[in-house]
Amino acid sequence: MKISVFGLGYVGCVSLGCLAKNGHTVIGVDTDPEKVMQINKGIATIIEKGIDVIIKEQYLKGNISATVDSKYAVLNSELSIISVGTPSTPTGHLNLEHIFNVAQEMGEALKCKLNLGFHVIAIRSTVLPGTIERFSHVIEIVSGGKRNQDFAVVSNPEFLREGSAVQDYFHPPMILIGAEHEASARQVAQLYNNLIAEIVITEIKEAEIIKYVNNAFHALKISFANEIGNICTALGIDSVNVMNIFCKDKQLNISDNYLKPGFAYGGSCLPKDLKGLQTIAHDNYLKTPLIDSIEYSNDVQIKRGMEKIIAQGKHKLGFLGISFKAGTDDLRNSPAITIIEGLLGKGYKILIYDQHVNVSNLKGTNRDFMRERMPHLHQLMVDDINQLVEASELIIVNNKEDEYSSALASLSSEIKILDMVHLDAIIRKSSNYTGINWTNNINECHLAENIS
């Protein structure tokens, strides 16, 4: 393809060289004449392992050039990649000045191209969700063209790390494309035909937010490892070896387990061992703000669940599942119990169905917990799920059991559902459905290994 790359900084320079190496003809665009001059001499604009060789090589082959003339670049390309900087402001917001300057320039250029062919724009810069919508609107106003008719804008975030950017470009964890115009998504996907990577096509806003999610999690992992390191060091334990052992668990520790939005955690192990780790840190006069904030964050999620229930405006409530997770009768630290206690205090009428919980059969600490927190639990329990459904105005699904999905599939539209566990799509499509962290607007990601 003939491609124009707007912004010849870190991401732009790497994209320019690597796209050319993969067989495309690429025009770089930048407002800085010095950067343009460097590219036009075959010199990389950044210091990054391997990119200087690629830029020189592709320049000599005639595959790359650069200009300050954005209109020329657009008119001589079929696809534009936007990789201009989006630095943080002092308030933590993004400075999107460069992005919208490019939108203005793109609009002016496309005004001259409306009858010459469809143009695709892929934004690689890290931007806030909703930016592409605004970006497209600016182009429409300036060019007089119509989005998805004369041009399309897609999100195509990069996953490059400084120091290994070329390696990361050719071996990405995935190719992510956020688009609402299928042909444009496929055209952007073709840029990466030479790479072995899963292609994920999804909603634009989902693609726009993913870099924030990625980098926040990376920062979280570093801070967590450092706090564990501080605790281990205070105890004379080899923290590096501890974390190496930690990382050997690919079933739970290094996996997608627990990384699902939903309701709060509970049970005996997580709260107990978290408090134990906090106590070790406290006894050794260590500050562990990240670890200390975990319980607070969990409490916030329980409060959010309470607020979601109250917001539904119903007073006859049915809880499907009361144990802290599906497939067990363990009530200890169940977030559902905390919510039920609060709602009972506010005068709500509550029924509970949980096929795993038989109050008379509870034993040991589980029985003691129930007697201390909810001695009247047996008065709220019903043995028949249909009895609960018939008596409820709002059903709160606290655990994911096959039996619950079957009962909810034929539910009257007058009875509302609040889902804490991400039920099956057939339930989430219901007009009476609300999820704690998702909507009933089913737009599942389209996944494809090869798009041609």
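Cut-offs applied
- Residues numbered from 1 in each chain as written.
- Predicted model: local features only at pLDDT ≥ 70, side-chain atom pairs only at ≥ 80, totals over all residues.
- Heavy atoms only, no water.
- Helix = DSSP H or I, 4+ residues; strand = E, 2+ residues; numbered from the N terminus.
- Buried < 20%, exposed > 50% of the residue type's maximum accessible area, 1.4 Å probe, protein only.
- Contact = heavy atoms within 4.5 Å.
- Areas by Shrake-Rupley, 256 points an atom, 1.4 Å probe, with all protein chains shown as cover.
- Lys, Arg positive; Asp, Glu negative; His and termini not counted.
- Charge placed at Lys NZ, Arg CZ, Asp CG, Glu CD.
- Salt bridge = Lys/Arg side-chain N within 4 Å of Asp/Glu carboxyl O.
- Pairing = 2+ DSSP bridges.
- Right-handed = clockwise from strand over helix to strand, strands pointing away.
- Axes fitted to C-alpha atoms, helices over the stretch in contact; angles between N-to-C directions.
- Expected span 1.5 Å × (residues − 1).

Trainee: Give a detailed account of the overall build of the protein, specifying residues and quantitative values.
Mentor: A count of helical and extended segments in the protein gives 17 helices and 14 strands. Considered along the principal axes of its C-alpha atoms, the protein spans approximately 80 × 60 × 40 Å. Counting all 452 residues of the protein, 47% fall into the buried class. Look at the contacts in the protein between residues 6 or more apart in sequence, and 68% of them connect residues 24 or more apart. Carbon together with sulfur atoms contributes 52% to the accessible area of the protein, which is approximately 23000 Å² in total. For the protein, the centre of its 42 positive side-chain charges and the centre of its 51 negative side-chain charges are spaced 1 Å apart.

Trainee: Give me the lowdown on the pattern of salt bridges, citing residues and values where you can.
Mentor: Under the criterion given, the structure shown has 13 salt bridges. In this structure, the salt-bridge partner of Arg-147 is Glu-180, at a minimum N-O distance of 3.3 Å. Remark: Glu-180 occurs in the loop between β7 (175–178) and α8 (182–190) and Arg-147 occurs in the loop between α6 (131–143) and β6 (151–155); sequence separation between them is 33 residues. Residue classification places Glu-180 among the partly exposed positions, given a relative accessible area of 49%. As a salt-bridge pair, Glu-295 and Lys-275 come within 3.2 Å of each other at their nearest N and O atoms. One end of the pair, Glu-295, is in helix α12 (residues 289–311); the other, Lys-275, is in helix α11 (residues 269–283), and 20 residues separate them in sequence. Through salt bridges with shared partners, one network takes in Glu-133, Arg-147 and Glu-180.

Trainee: Residues and numbers for the pairing of strand β8 (residues 199–202), please.
Mentor: Neither face of β8 is open: one carries Ile-199 and Ile-201, the other Val-200 and Thr-202, and all of them are buried. In terms of strand pairing, β7 meets β8 through four bridges, oriented parallel. Within β8, the residue paired with Ile-175 across the bridge is Ile-199. This β-α-β element, β7 to α8 to β8, shows right-handed connectivity.

Trainee: Explain the sheet that holds strand β9 (residues 316–320) residue by residue, including any values.
Mentor: What the five strands build is an open sheet, ordered β10-β9-β11-β12-β13; its pairing is parallel. Each edge of the open sheet is held by one strand with a lone partner, namely β10 (349–353) and β13 (433–435). Taken pair by pair, the neighbouring strands of this sheet meet at an average axis angle of 20 degrees, ignoring direction. Sitting on the sheet, α12 is in contact with β9, β11 (394–397), β12 (416–419) and β13, with an inclination near 170 degrees to β12.

Trainee: How would you sum up helix α1 (residues 10–21)? Please name residues and give values.
Mentor: Residues spaced three or four apart along an α-helix face the same direction, because each turn holds 3.6 residues. In a regular helix each residue adds 1.5 Å, so twelve residues correspond to 16 Å; α1 covers 17 Å between its end C-alpha atoms and thus fits that length. Where burial is concerned, most of α1 is hidden: ten out of the twelve residues are buried. Turning to α1, its buried residues number three or more, namely Val-11, Gly-12, Cys-13, Val-14, Ser-15, Leu-16, Gly-17, Cys-18, Leu-19 and Ala-20. Where α1 ends, the next residue or the one after it, Gly-23, has phi of about 105 degrees, a positive value.

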